[in-house]
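The lines below spell out each chain.
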Amino acid sequence: MATSIAEGGTNLYLAEAIRKQQRCRTTCWVSGVTFNKYTQKDLSWSIRVSKLSQIRLEFRCAPVCEQWKPFKRTIASCMKNGSAKYFDFLVIGSGVAGLRYALEVGKHGTVAVITKAEPHESNTNYAQGGVSAVLCPSDSVESHMQDTIVAGAYLCDEETVRVVCTEGPDRIRELIAMGASFDHGEDGNLHLAREGGHSHHRIVHAADMTGREIERALLEAVVKDPNIFMFEHHFAIDLLTSQDGSDTVCHGVDTLNTETQEVIRFLSKVTLLASGGAGHIYPTTTNPPVATGDGMAMAHRAEAVISNMEFVQFHPTALADEGLPRGPTKTRENAFLVTEAVRGDGGILYNLGMERFMPFYDDRAELAPRDVVARSIDDQLKKRNEKYVLLDISHKPREKILSHFPNIATECLNYGLDVTNQPIPVVPAAHYMCGGVRAGLQGETNVRGLYVAGEVACTGLHGANRLASNSLLEALVFARRAVQPSIDHKNSSSLDSDTSNQWPRPSVPTSLGSDVLDKIMSFTRELRKELQGTMWKYVGIVRSTTRLQTAEQRIAELEAKWEEYLFQHGWKPTMVALEACEMRNLFCCAKLVVSSALSRTESRGLHYTVDFPHLEESKRLPTIIFPCSAMNSTWSSRQLHKQPV
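What you see is a predicted model; the values in this text were computed from it and never measured.

Undergrad: Is there a simple way to explain helix H15 (residues 514-538) in this structure?
TA: Every α-helical turn comprises 3.6 residues, leaving residues that sit three or four positions apart pointing alike. Over its 25 residues, H15 runs 36 Å from end to end, which matches the ideal 36 Å to within 8%, given 1.5 Å per residue. Among the residues making up H15, those that are buried are Ile520, Met521, Phe523, Thr524, Leu527, Arg528, Leu531, Gln532, Thr534, Met535 and Tyr538. On its buried face, H15 sits against helix H16 (545-568) and helix H17 (578-599).

Undergrad: Looking at this structure, how should I read the nonpolar core?
TA: The nonpolar side chains of a soluble globular protein tend to be buried with one another. Among the nonpolar cores identified, the biggest contains 75 residues, and Met535 and Trp571 are the most heavily contacted of them. Listed in part, the 52 residues of the second largest apolar core include Leu99, Leu461, Ala482 and Val483.

Undergrad: Could you clarify how one ought to interpret helix H6 (residues 210-224) in this entry?
TA: For H6, with 15 residues, the first-to-last C-alpha span of 22 Å sits near the 21 Å given by 1.5 Å per residue. Buried residues of H6: Thr210, Gly211, Glu213, Ile214, Glu215, Ala217, Leu218, Leu219 and Val222, and no others.

Undergrad: Before we go on, may I ask you to explain the sheet that holds strand E16 (residues 424-433) in this structure?
TA: The strands making up a sheet associate through hydrogen bonds between their backbones, and the pairing can be parallel or antiparallel. If you walk across this open sheet you meet the 4 strands as E13-E16-E15-E14, and the pairing is antiparallel. Strands at the two margins of the open sheet, each flanked by one partner only, are strand E13 (312-319) and strand E14 (348-350). Recorded for the sheet is a direction-independent mean angle of 45° between the axes of neighbouring strands. Where E13 and E16 come together, 6 bridges link them in antiparallel fashion. Bridge pairing in E16 places His315 opposite Ala429. The sheet strands contacting helix H10 (residues 370-384) are E13, E14, strand E15 (389-392) and E16, and the helix crosses E13 at an angle near 60°.

Undergrad: Is there a simple way to explain the packing of helix H2 (residues 96-105) against H6 in this structure?
TA: Working note: a packed helix pair is described by the angle between its axes plus the distance between those axes. Contact geometry for H2 and H6: axes closest at 10 Å, N-to-C directions at 30°. Crossing angle aside, the handedness with which H2 passes H6 is left-handed. The residues of H6 that touch H2, namely those facing Val96, Leu99, Arg100 and Leu103, are Ile214, Glu215, Leu218, Leu219, Ala221 and Val222. When grouped by side-chain class, the residues that make up the contact of H2 with H6 number 8 nonpolar, no polar and 2 charged.

Undergrad: Help me understand the sheet that holds strand E6 (residues 192-193) in this model?
TA: Pairing within the open sheet is antiparallel, and its 3 strands lie in the order E5-E7-E6. Strands with a single pairing partner mark the edges of an open sheet, and in this sheet they are strand E5 (131-132) and E6. Examined bridge by bridge, E6 and strand E7 (residues 203-204) share 2 bridges and lie antiparallel to one another. Note that in E7 the partner of Ala193 across the bridge is Ile203.

About the thresholds
- Residues numbered from 1 in each chain as written.
- Predicted model: local features only at pLDDT ≥ 70, side-chain atom pairs only at ≥ 80, totals over all residues.
- Heavy atoms only, no water.
- Helix = DSSP H or I, 4+ residues; strand = E, 2+ residues; numbered from the N terminus.
- Expected span 1.5 Å × (residues − 1).
- Buried < 20%, exposed > 50% of the residue type's maximum accessible area, 1.4 Å probe, protein only.
- Contact = heavy atoms within 4.5 Å.
- Core = buried A, V, L, I, M, F, W, Y, C linked by side-chain atoms within 4.5 Å.
- Pairing = 2+ DSSP bridges.
- Axes fitted to C-alpha atoms, helices over the stretch in contact; angles between N-to-C directions.
- Left-handed = near helix turned anticlockwise from the far one by under 90°.
- Nonpolar A, V, L, I, M, F, W, Y, C, P; charged D, E, K, R; others polar.

In short, geometric facts, not functional conclusions.
Structural data, given as structure tokens:
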């Protein structure tokens, strides 16, 4: 893996100075791993990265909604060859980005949508706040752009920001035309909320269940489309790639049907990766259990360029179960999110001494961007040795609270807390990855035939910190922008039925026996918790170089220990099982985050380090992670069909 801060990632406010400086800025050098040649033409952000520095870095590690009704449609219109399936378009992920894209490309060919669990189980479904867009006469695209850029600590790509803020309103209107129902005010117009970091009311919402409503509308449309085929409980293992000269080409993906334990190969002319984030590299996250960084890890192994992985957004206000009158009887798989809109609607943050603290940290108080609020809460917890703070909205009219936040009110009441007269205990939790697979303005990557949209992508919109409610907006805009180039690529590509035999097939580990498998999976769960604990302790809201180096070393040790245990118990490099493959991806993503964080020697947005506590204008540049050689890398870093025998 090669990691660097690249020159020329944005032209905001210092464009001329950046243009004048032609040399690359390098922040670290650890010898040992070579990397594949990367050319600028392979990948376009609107402001192209000039002279990407090719720093070699080696990890120190040992070598070597409502209840969803399943689709019953039979697959008759796609080619089949044994356990391989052929489609014109392949979509990995069933959130807003994947479904919106599928509905468009489905007009031009057959589409397979592969989803890890049920179709509704995605980050989209858990998005409470809403979608930001300029829909009020007093608002403007320029204002939305400025809010996005300020929240992103001036690391956003200006052209990307302009595109998203300009095209956003039309994407909202399309959702409404498809049947999505959003809240309206007494005047009959859309009710627009305001959230932290926004200068205007511009958040379109469906109470505090916006993502669920969007997912419902999109899934209903997908069900009716005869060209779209949903494959639920199919875990994506690895992208299938080949080399065409210096170009890497994507041909599809191998999957594991987690209900039948059968490996199914999907081949396609075009693949859209829309698999969401990696919140479960941390012990507490608002993300659903499926968010284990599968897409980012698969893309990295397939030699896609990764960017800005150090910018992990911790949502300031996840429900703190320890502060509830009666807690859940079992540990949650994911933290319950208390939407940004509560603060946008007048919610006030207090410590347990009932002292309001946000005005001491930022003039915007509770309306400051998420990174500021999360760090402020973290500081309060450490200074006062407390485990949570309080978010109070009870001074607002009861009817307003219950109409705007029915889901939050119901959840809290289940545990004995009435939000209309009691403050809500909250604590930060891992929420959103601002980095990901580097994408151009049409969702293209440096891997031919591979497009990305949604949280898995790094488009340049979010910069160093995502503005509230810009995530669903970005997903909608880039899902649509990826459509035409995908159609063009499909029309200029061919797919041979013999292609399926080009790669060795993964195998399920039934030959090991149930006792051995139980031991392997038990050990995997144990190390997963250790990995998550390491990330929270050393790579959390506030970081330091020493702590990051400790995390890097500890993660390498855990990974080596895990792989050694697997292989000593008969595991083969091409074997696949859900928990083992998730662990593989978690290790991969954790390493991407740590190496990116170590390369940024400043504090910007979501990346705050006590060793470099200030912004450095000369370092206002994206972090770039290059593909690396498979030599001396770990199991998590290599595609299964490239594993040594």
